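The lines below spell out each chain.
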Amino acid sequence: DNVLRPGAPQFMYWNSVAGPYETQVVSLREYKQEVVEDWMSVSFWLPHSAEAQIPMTIPEAVEQLGHDTDGIRWQSVESKVSEQQWESHSQRMRREFAACGIKPFEVVPFQDAEGRSQVDLRAKQS
């Protein structure tokens, strides 16, 4: 939870780009904030993959993005962050994640016209 808002770029990079994992995210709306997107990640460890044999390395751009997420995280503790600010931040994280290669498969739950729960499966972005 909270891997898009406020963001967990190092975690997501390791779990969906460089590490020994197959990762999907569930795109959800934040509690009591209908427009603010967040992701919950689900990862499966692949112990016999080539990536499992190499040390963890996180690129500087991903580390910087992690530092950037700390700013809004602290701001949310010390003062109010508006729903619009959170939505803007979530969309920025989505763009920045993609720029760093973090493009996991997405599961997007929704309700159809009859009120039944459905999911939209989105492939990894290319």
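A. Region of the structure containing the overall build of the protein chain. Across its full length, the protein chain holds four helices and four strands. Mapped in sequence order, the helices and strands of the protein chain form the string α-α-β-β-α-α-β-β. Principal-axis analysis of the C-alpha atoms places the extent of the protein chain at approximately 45 × 40 × 20 Å. Buried residues in the protein chain amount to 38% of all 126 residues. Here the analysis covers contacts within the protein chain between residues at least 6 apart in sequence; of these, 62% occur between residues at least 24 apart.

B. How the structure looks around the pairing of strand S3 (residues 105-111). As paired elements, strand S1 (residues 21-29) and S3 share three bridges and run parallel to each other. Counterpart to Gln-24 in the pairing with S3 is Phe-105. Where S3 lies against strand S4 (residues 117-122), six bridges are found, and the strand directions are antiparallel. Each bridged residue has a counterpart across the sheet, and for Pro-109 the counterpart in S4 is Val-119. Hairpin connection, S3 to S4: the antiparallel pair is bridged by five residues, and Gly-115 has positive phi, about 85°.

C. View of the sheet that holds S4. Across the sheet, which stays open at both edges, the four strands sit in the order S2-S1-S3-S4 with mixed pairing between neighbours. Edge positions in the sheet fall to strand S2 (37-45) and S4, since each of these pairs with one other strand and no more. Taking each pair of neighbouring strands and ignoring which way they run, the sheet shows an average axis angle of 25°. Set on the sheet, helix H4 (residues 83-99) makes contact with S1, S2 and S3; between it and S2 the angle comes to about 40°.

D. Main features of the packing of helix H2 (residues 9-18) against helix H3 (residues 60-78). In the contact formed by H2 and H3, the axes pass within 8 Å of each other and the chain directions differ by 145°. Contacts from Pro-9, Gln-10 and Tyr-13 of H2 reach H3 at Val-62, Glu-63, Leu-65, Gly-66 and Thr-69. Of the residues contributing to the contact of H2 with H3, the split by class is four nonpolar, three polar and one charged.

E. Examining H2 more closely. Among the 10 residues in H2, seven count as buried, and that is most of the element. The complete set of buried residues in H2 reads Pro-9, Met-12, Tyr-13, Trp-14, Asn-15, Ser-16 and Ala-18. Contacts from the buried residues of H2 go to helix H1 (3-7), S1, S2, H3 and H4.

F. Looking closely at H3. Under the 1.5 Å per step criterion, the end-to-end length of H3 is 28 Å for 19 residues, consistent within 8% with the ideal 27 Å. Buried within H3 we find Val-62, Leu-65, Gly-66, Thr-69 and Ile-72. Buried residues in H3, looked at end-on, bunch into an arc of 125°, giving them a common side. When the buried face of H3 is taken as reference, the exposed residues oriented beyond 90 degrees from it are Glu-60, His-67, Trp-74 and Glu-78. Considering only its buried residues, H3 is in contact with H1, H2 and H4.

G. Structural detail: the environment of Pro-109. For Pro-109, the position within the fold is in strand S3. Placed 11 residues apart in sequence, Pro-109 and Asp-120 show a C-alpha to C-alpha distance of 6.3 Å.

Each value, and the rule that gives it
Residues numbered from 1 in each chain as written. Predicted model: local features only at pLDDT ≥ 70, side-chain atom pairs only at ≥ 80, totals over all residues. Heavy atoms only, no water. Helix = DSSP H or I, 4+ residues; strand = E, 2+ residues; numbered from the N terminus. Buried < 20%, exposed > 50% of the residue type's maximum accessible area, 1.4 Å probe, protein only. Contact = heavy atoms within 4.5 Å. Pairing = 2+ DSSP bridges. Axes fitted to C-alpha atoms, helices over the stretch in contact; angles between N-to-C directions. Nonpolar A, V, L, I, M, F, W, Y, C, P; charged D, E, K, R; others polar. Expected span 1.5 Å × (residues − 1). Arc of directions from axis to C-beta.

Shape is all these values report; function is a separate question.
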